[in-house]
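# A closer look at the structure
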Amino acid sequence: DSLGNIEWSQNYGGSDFDNLSSLIETSDGGFLLGGQSRSKDGDVGGNNGHWDYWVLKIDRLGKIKWSQNYGGSENDQLTSLIETNEGGFLLGGWSYSTDGDVGGNYGERDSWLLKIDRLGKIKWSQNYGGSKNDQFTSLIETNDGGFLLGGLSYSTDGNVDGNNGSSDYWILKIREINETNILTPLISPFKIYPNPNTGQFIIKNPNQIIEKIQIY
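Notes on the structure in this doc start here. Since this is a predicted model, take the numbers as computed values, not measurements.

### Observations regarding the side chain of Asn69
Position of Asn69 relative to the elements: it lies in strand β4 (residues 64-70). Judged by its relative accessible area of 10%, Asn69 falls in the buried class. In this structure the side chain of Asn69 is engaged in a polar contact, spanning 2.8 Å, whose partner is the backbone oxygen of Gly46. In this structure the side chain of Asn69 is engaged in a polar contact, spanning 2.7 Å, whose partner is the side chain of Asp52. Apart from residues no more than four positions distant in its own chain, Asn69 is found in contact with Gly45, Gly46, Asn47, Asn48, Asp52, Tyr53, Trp54 and Asp101.

Next up, the structure:
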């Protein structure tokens, strides 16, 4: 309470490592907890490989309403989250994965942004960065309906304009991603990412020469 007396105490997790890195009070009077997990039991529903984003929605007394993990087969770690004006949530952090819930990777560690609805269902997923290590550590919604993302970057390419030496502050302003801007996957062995996207995407085809592609 306001005098420091404990009102309630609760722990959450599974049999492996589970770390809390961000939490917010939500508009329904409960809380959203976010971090990373290596567990696949207990309060954690599963694991995609190594560390996953792990998000836990609880009520005002600490009772779990839902639990969800997100990620790919490599390390994915959540560092920040917010509730958006329309009632969903935006999760930010970093990822080494190129599969699962992560659409792709520009190289080494990418900043990874995930939009979920109020029940934890993924609305869209997007990674940002260059060929070096990049990560988000903070994010806010702006009054024009977009988002401002802050973190650090070692890259000089991709979504990063340049580098002054070692790691730089990296600020990225984005608009809300249109959920209809989703590309139909090409026939294997083609890979296309990020998906959904904001008008820029990568097509990889390791085995054949691409002569012409039409996108509708």
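### Some words on the nonpolar core
Counting residues in hydrophobic clusters, the biggest one holds 14 residues, and the most contacted among them are Leu32, Tyr53, Val55, Tyr70, Leu91, Leu114 and Ile116. Among the elements of the structure, β3 (52-58), β4, β5 (76-83), β6 (89-95) and β7 (110-116) are those that each provide at least two residues to this core. Counting residues per element, this core draws most heavily on β7, which supplies 3 residues. For Val55, the contacting residues outside a window of four places in its chain are Leu32, Leu33, Gly34, Trp66, Ser67, Gln68, Tyr70, Leu78 and Leu91. Counting residues in each nonpolar core, the second largest holds 13 residues, with Trp124, Leu139, Phe147 and Trp170 among its members.

What counts and how
- Residues numbered from 1 in each chain as written.
- Predicted model: local features only at pLDDT ≥ 70, side-chain atom pairs only at ≥ 80, totals over all residues.
- Heavy atoms only, no water.
- Helix = DSSP H or I, 4+ residues; strand = E, 2+ residues; numbered from the N terminus.
- Buried < 20%, exposed > 50% of the residue type's maximum accessible area, 1.4 Å probe, protein only.
- Polar contact = N/O pair within 3.5 Å; in protein donor to acceptor, adjacent residues only side chain to side chain.
- Contact = heavy atoms within 4.5 Å.
- Core = buried A, V, L, I, M, F, W, Y, C linked by side-chain atoms within 4.5 Å.

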